[in-house]
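Commentary on secondary and tertiary structure
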Amino acid sequence: MIKNIIFDLGGVIFTIDEKQAVNRFKEIGLKTAEQQLDPYRQSGYFGDLESGKISAEEFRSKLSDTIGREVSMADCRYAWTGYVKQLPQANLEELISLRKSGFRVILLTNTNPFMMSWAESNEFDGHGHPLSFYFDATYKSYVMKLMKPDKRCFEYLLDHEKINPQESLFVDDGPRNVAAARELGLHTYCPSNGEDWINKISDYLK
């Protein structure tokens, strides 16, 4: 019986627009944006930011060195939030509905301080609520210093939540992330980026 539902953020709760993110990074001067950005897992100093190895300020400094001019924290935030294409209200309403139905609803995301400065603000849903309003708990890669699909990322969450993987459903649009979770005994569902997952999850939970 499923008691816990663990959601990814980008590609599940909101729709990812990688092209828009690339264009925004190019707009602030990063000519190699296509090579440096990935919708599922970042690498280089982009990955170091999301795995908590460097701070937001250190990232800004490294990006400035790459571009050849000083970029601001606002520039970085603008570029990173280019990943956000659409935040369907129906998804947010479903999160609330699941919690009211007794499920523990948890976020597990590869992310960074720039994305979270938007998601954890009152700008997030357009109604004055931050991301945390919709979840019982949130686990972020740069805070944990672990990134999916590293199994330790899932083990960290399971240990802190003290939950049984066999009583948990993991929803993520990244096939490698889903495969890693499945190996640890979690039930999994891998929707495509922006797919309407609400009915499928309802059917699964029945």
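Named according to an unreviewed UniProt entry, the chain is HAD family phosphatase originating from Segatella cerevisiae.

This part covers the overall build of the chain. Along its length, the chain carries 11 helices and 7 strands. Its C-alpha atoms give the chain a radius of gyration of 17 Å, within 12% of the compact-globule value 17 Å for 206 residues. The principal-axis extent of the C-alpha atoms belonging to the chain is close to 55 × 35 × 25 Å. Sequence separation of at least 24 residues holds for 68% of the intrachain contacts in the chain that already meet a minimum separation of 6. Carbon together with sulfur atoms contributes 47% to the accessible area of the chain, which is approximately 9,600 Å² in total.

To continue, consider the sheet that holds strand β6 (residues 168-171). Hydrogen bonds between backbone atoms are what pair the strands of a sheet, whose relative direction is either parallel or antiparallel. Ordered by their spatial adjacency, 5 strands build an open sheet running β5-β4-β1-β6-β7, and the pairing between neighbours is parallel. One side of each edge strand has no neighbouring strand; the edge strands of this open sheet are β5 (137-140) and β7 (187-189). Each adjacent strand pair in this sheet contributes to an overall mean axis angle of 20°, direction not counted. In this structure, β6 lies alongside β7, joined through 3 bridges in parallel fashion. The residue bridging Val-171 from the neighbouring strand is Tyr-189, located in β7.

A few words on the pairing of strand β4 (residues 104-109). Counting buried positions along β4 yields 5 of 6 residues, so the element is predominantly enclosed. Sheet topology note: the strand β1 (residues 4-7)/β4 ladder contains 4 bridges and is parallel. By the bridge assignment for β4, Phe-7 is matched with Leu-107. Where β4 lies against β5, 4 bridges are found, and the strand directions are parallel. The residue of β5 that forms the bridge with Thr-109 is Lys-140. Crossover β4 to β5 through helix α7 (residues 113-119) is right-handed.

Moving on, we get to the nonpolar core. The biggest cluster of nonpolar side chains holds 52 residues, and the ones touching the most others in it are Phe-7, Ile-13, Phe-25, Phe-59 and Leu-63. Examining the composition of this core, we find that 5 residues originate from one element, α7, more than from any other. Among all residues touching Phe-7, those that are not within four sequence positions of it are Val-12, Ile-13, Leu-95, Leu-98, Val-105, Ile-106, Leu-107, Leu-108, Phe-135, Val-171, Trp-197 and Ile-201.

Along the chain, the position of Thr-109 falls in strand β4. A relative accessible area of 3% places Thr-109 in the buried class. In this view, Thr-109 contacts Asp-8, Leu-9, Tyr-139, Lys-140, Ser-141 and Lys-148; residues no more than four positions away in its chain are not counted.

Cis geometry marks the peptide bond from Lys-148 to Pro-149; its omega dihedral reads 10°. For Lys-145, which is not a glycine, the phi torsion comes out positive at approximately 65°. As for its placement among the helices and strands, Lys-145 is situated in the loop between α8 (141-144) and α9 (151-161). A positive phi is found at Lys-162, a non-glycine position, where the angle reads about 55°. A relative accessible area of 73% means that Lys-162 is categorised as exposed.

On to the pattern of salt bridges. Using the criterion set out here, one finds 13 salt bridges in the structure. Linking Arg-60 and Glu-70 is a salt bridge whose minimum nitrogen-to-oxygen distance equals 2.7 Å. One end of the pair, Arg-60, is in helix α4 (residues 56-67); the other, Glu-70, is in the loop between α4 and α5 (73-80), with 10 residues separating them in the sequence. A relative accessible area of 12% places Arg-60 in the buried class. Using a relative accessible area of 56% as the deciding quantity, one classes Glu-70 as exposed. Glu-195 serves as the salt-bridge partner of Lys-200, at 2.9 Å between the closest nitrogen and oxygen. Using a relative accessible area of 21% as the deciding quantity, one classes Glu-195 as partly exposed. In the salt-bridge network here, residues are joined through shared partners; they are Asp-8, Lys-148 and Asp-172.

What counts, and where the lines are drawn
Residue numbering note: each chain is counted from 1, following its sequence as written. Where totals are concerned, whole chains, interfaces and linings use all residues; where local detail is concerned, this predicted model gives features only for residues with pLDDT of at least 70, and gives and counts side-chain atom pairs only at 80 or more. Heavy atoms throughout the structure, all of them, feed into the side-chain values; hydrogens and water do not. In DSSP terms, a helix is any run of H or I states spanning at least four residues, a strand is any run of E spanning at least two, and both are numbered starting from the N terminus. Here the radius of gyration uses the C-alpha set of atoms, whereas the globule reference equals 2.2 Å times the residue count to the power 0.38. Any two residues whose heavy atoms approach within 4.5 Å at even a single point are treated as in contact. The method behind every accessible area is Shrake-Rupley, applied with a 1.4 Å probe, and residues are considered shielded solely by the protein chains displayed. A strand pair is defined by DSSP finding two or more bridges across the two strands. Angles shown run from 0 to 180 degrees and are taken between the N-to-C directions of axes, each axis being a line fitted to C-alpha atoms and, for helices, limited to the stretch in contact. The rule is simple: take the accessible area with a 1.4 Å probe, protein chains only, and divide by the maximum for that residue type; under 20% is buried, over 50% is exposed, in between is partly exposed. We call a crossover right-handed when, viewed with both strands directed away from the observer, the connection leading from the first strand over the helix to the second proceeds clockwise. Residues enter a nonpolar core if they are buried and are Ala, Val, Leu, Ile, Met, Phe, Trp, Tyr or Cys, with the set joined through side-chain atoms within 4.5 Å. What makes a salt bridge here is a side-chain nitrogen of Lys or Arg within 4 Å of a carboxyl oxygen of Asp or Glu, nothing more.

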